[in-house]
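# Results of the structural survey
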Amino acid sequence: MVAHPDMVAHPRKVHRANDIDRVMVQKAELMDRPTPPRFHLMAKPTGAVCNLACTYCFFLDKELLYPGSPFRMSDEVLESYIRQLIDAHRSPQVTVAWQGGEPTLMGLDFYRRAIELQQKYRKPGMTFENTMQTNGTLLDDEWCEFFKENNYLIGLSIDGPRELHDAYRVNKSGRGTFDRVMNGLRLLQKHGVEYNILTTVNRINADYPLEVYRFLRDEVGTDWIQLIPIVERLDDEGLALRQAGTEVSDRSVEPEQFGRFMTTIFDEWVRNDVGNLFVQTFEAAVGNWRGLPSSGMCVFNKTCGNALAMEHNGDMYSCDHFVEPDYRLGNIGETQMVELVSSPKQRKFGQDKSDTLPPQCVSCEVRFACHGECPKNRFTLTADGDPGLNYLCAGWYEFFTHIDFPMKTMAALVESGRPASDVMAIMAREMPDLKAAAAQTGRNAPCPCGSGLKTKHCHGGTTVVQPEPTAYPVFLSEPRPRVAGMAVDDADA
């Protein structure tokens, strides 16, 4: 499973439409205080162990950090985790977030016990938001009944239609997992479990933005999507064990490719789906264009540091993407969680997101929207040779400049008390003007809409007809190489 630290919390669908202010500002209050009243801690009860072997999953290599470990959170660590998480919070809502690896490998009784512990240690008036990110292949009716009964929010990993999903999301025998994931999805829907979709953007599916988006919208039927770019940084040994090296795997999305993917999906969304389908990156952009103190996504905030990770043995790390020795803060069995969260080391980690920006980023016109994105991706050089430029800079720059007009429009709508969805009618009225401008532009010149596409492939094209079904190439993917102790999915081995 691919981790997703790109959010301050796995978002319950509350910061929508006019509610965006309250939640965004609430999250912003966490950023500058030495001891935040609320933070997000992603717990990994199975460590890196997973029943799949997704080719791009950086976290599987993390198993090497704990040689000989059984990779199962003990009852003692579980109780300490829940108790300290509650004690450390000075807000009435606590998020209990589970990830992996594959967290369902712990079995249902583990999570039943977690619910019991929440009730044992809860403070008066305190409520809990239980979340889990899963590959969905092990879900059944019993799991989904439990999720519904306890108001879980489930993040489900789907990378698009079968051919695109199965390109990298394979089991340990190298076979695709699409059918089993879709079965898990239908079970969640059957039982009325609230869910989000997490879609990675990789070297293969990034060439099919509309196919991915329309599949998630029309066939999956989701109303909340997270789009997470795959940037698999490799060290000198070809491992993704640490944030080191300047090379990326051939599974990683390319910067310009990523920019095209995001702008194409945005254009589809802003003309058809605003208010009905929520894309986390677009929601965050609205917050930044409105000038709110926080976007709600740590990668697009000025600083970070309030989204941490905890391994199966109680070791806490600065971030899910920095589970490595240099970023280990300590263990909750030795030091109280609240001390680790508010430690100088962790506060510096978060502040460095801003303090280490290279001059090119500091003076960039879209800095307010990007803030250098995630520190894990800052390993290339600027035009002046300064270190610290984000690998995806070209793609993010294309995206943020492309969405400027509709974002300004939505920001103005919300500020005036109107729904952001009114932007769709405004964009529809703009279309004739764009067509007229395109008619005066050379067919091979950049389209006047700012998409970066040639006019003939954008607003200067002929009448759009319903496309034929996409004929995907055959993608063959080998499973992620096993490391010692890695669990095997017996059903597919």
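As the structure is a prediction and not an experimental result, all values here were calculated from the model.

Turning our attention to the packing of aromatic side chains. Summed over the entire model, instances satisfying the criterion amount to 29 aromatic pairs. A ring pair is formed by Phe-110 and Tyr-111, whose centres lie 4.9 Å apart and whose planes are at 85°; its orientation type is edge-to-face. Relative to Trp-396, the ring of Phe-300 has its centre 5.1 Å away and its plane inclined at 85°; by these criteria the two rings are edge-to-face. Of this pair, Phe-300 sits in the loop between α9 (280-289) and β10 (307-310) while Trp-396 sits in helix α14 (residues 393-402), and the two are 96 residues apart along the sequence. Side by side, Phe-300 and Trp-396 carry an identical accessibility label, which is buried.

Along an α-helix, residues three or four positions apart point the same way, because every turn accommodates 3.6 residues. Relative to the 16 Å expected for 12 residues at 1.5 Å per residue, helix α15 (residues 404-415) spans 16 Å between its end C-alpha atoms, a close match to the ideal helical length. Listed in full, the buried residues belonging to α15 are Pro-406, Met-407, Thr-409, Met-410, Ala-411, Leu-413 and Val-414. The first or second residue beyond α15 is Gly-417, which carries a positive phi of 90°.

The next subject is the nonpolar core. Membership of the largest hydrophobic core comes to 128 residues, with the highest contact counts inside it found for Tyr-81, Trp-98, Phe-147, Ile-158, Phe-400 and Met-410. When neighbours within four sequence positions are excluded, Ile-158 is seen to be in contact with His-165, Val-181, Met-182, Leu-185, Ile-197, Leu-198, Thr-199, Phe-215, Leu-216 and Val-220.

Further remarks concern the sheet that holds strand β6 (residues 224-229). Within the open sheet, the 10 strands sit side by side as β9-β6-β5-β4-β3-β2-β1-β10-β11-β12. Their pairing is mixed. A single partner strand is all that each edge strand has here, and the edge strands are β9 (278-279) and β12 (328-331). Bridge analysis of β10 against strand β11 (residues 315-317) gives 2 bridges, and the strand direction is antiparallel. Residue pairing across strands places Ala-309 opposite Tyr-317, the latter belonging to β11.

So, on to helix α4 (residues 141-149). Buried residues of α4: Trp-143, Cys-144, Phe-146 and Phe-147, and no others. Taken down its axis, α4 places every buried residue within 155° of arc, on the same side. Packing partners of the buried residues in α4 comprise α3 (108-121), β3 (127-134), β4 (153-157) and α6 (178-190). The N-cap of α4, judged by a side-chain oxygen 3.1 Å from the amide nitrogen of Glu-142 a few residues on, is Asp-140.

On to the confidence of the model for the protein chain, then. Per-residue confidence for the protein chain gives a mean pLDDT of 87, with 85% of residues at or over 70. Within the model, pLDDT remains below 50 along residues 1-33, and this stretch shows 122 contacts once partners closer than five positions in the same chain are excluded. Scored below 50 in pLDDT, residues 463-467 shows 0 contacts in the model against residues more than four places distant or in partner chains.

Another aspect to go through is the pattern of salt bridges. Under the defined criterion, the tally for this structure stands at 21 salt bridges. A salt bridge links Glu-142 to Arg-112, with the nearest nitrogen and oxygen atoms 3.0 Å apart. Of this pair, Glu-142 sits in helix α4 while Arg-112 sits in helix α3, placing them 30 residues apart in sequence. A relative accessible area of 43% places Glu-142 in the partly exposed class. A relative accessible area of 31% places Arg-112 in the partly exposed class. Between Asp-315 and Arg-328 there is a salt bridge, and its shortest N-O distance comes to 3.0 Å. With Asp-315 in strand β11 and Arg-328 in strand β12, this pair connects stretches of sequence that are 13 residues apart. Given a relative accessible area of 6%, Asp-315 falls into the buried group.

Attention shifts here to the environment of Tyr-472. Within the secondary structure, Tyr-472 sits in the segment after α16 (423-439). In this structure the C-alpha to C-alpha distance between Tyr-472 and Pro-161, which are 311 residues apart in sequence, comes to 9.9 Å. Sequence-distant contacts of Tyr-472, defined by excluding residues within four places in its chain, comprise Pro-161, Glu-163, Leu-164, Tyr-208 and Glu-211.

At a minimum axis distance of 9 Å, the contact between helix α2 (residues 75-88) and α3 shows a crossing angle of 40°. As judged from the angle between their axes, α2 and α3 are oblique. With respect to the hand of their crossing, α2 and α3 are arranged in right-handed fashion. For the pair α2 and α3, the contacting residues are Leu-78, Glu-79, Ile-82, Arg-83 and Ile-86 in the first and Phe-110, Arg-113, Ala-114, Leu-117, Gln-118, Lys-120 and Tyr-121 in the second.

Criteria and thresholds
Residues numbered from 1 in each chain as written. Predicted model: local features only at pLDDT ≥ 70, side-chain atom pairs only at ≥ 80, totals over all residues. Heavy atoms only, no water. Phe/Tyr/Trp six-rings, centres within 6.5 Å; stacked < 30°, edge-to-face > 60°. Helix = DSSP H or I, 4+ residues; strand = E, 2+ residues; numbered from the N terminus. Buried < 20%, exposed > 50% of the residue type's maximum accessible area, 1.4 Å probe, protein only. Expected span 1.5 Å × (residues − 1). Core = buried A, V, L, I, M, F, W, Y, C linked by side-chain atoms within 4.5 Å. Contact = heavy atoms within 4.5 Å. Pairing = 2+ DSSP bridges. Arc of directions from axis to C-beta. Polar contact = N/O pair within 3.5 Å; in protein donor to acceptor, adjacent residues only side chain to side chain. pLDDT = per-residue confidence, 0-100. Salt bridge = Lys/Arg side-chain N within 4 Å of Asp/Glu carboxyl O. Axes fitted to C-alpha atoms, helices over the stretch in contact; angles between N-to-C directions. Parallel < 35°, antiparallel > 145°, perpendicular 65-115°, else oblique. Left-handed = near helix turned anticlockwise from the far one by under 90°.

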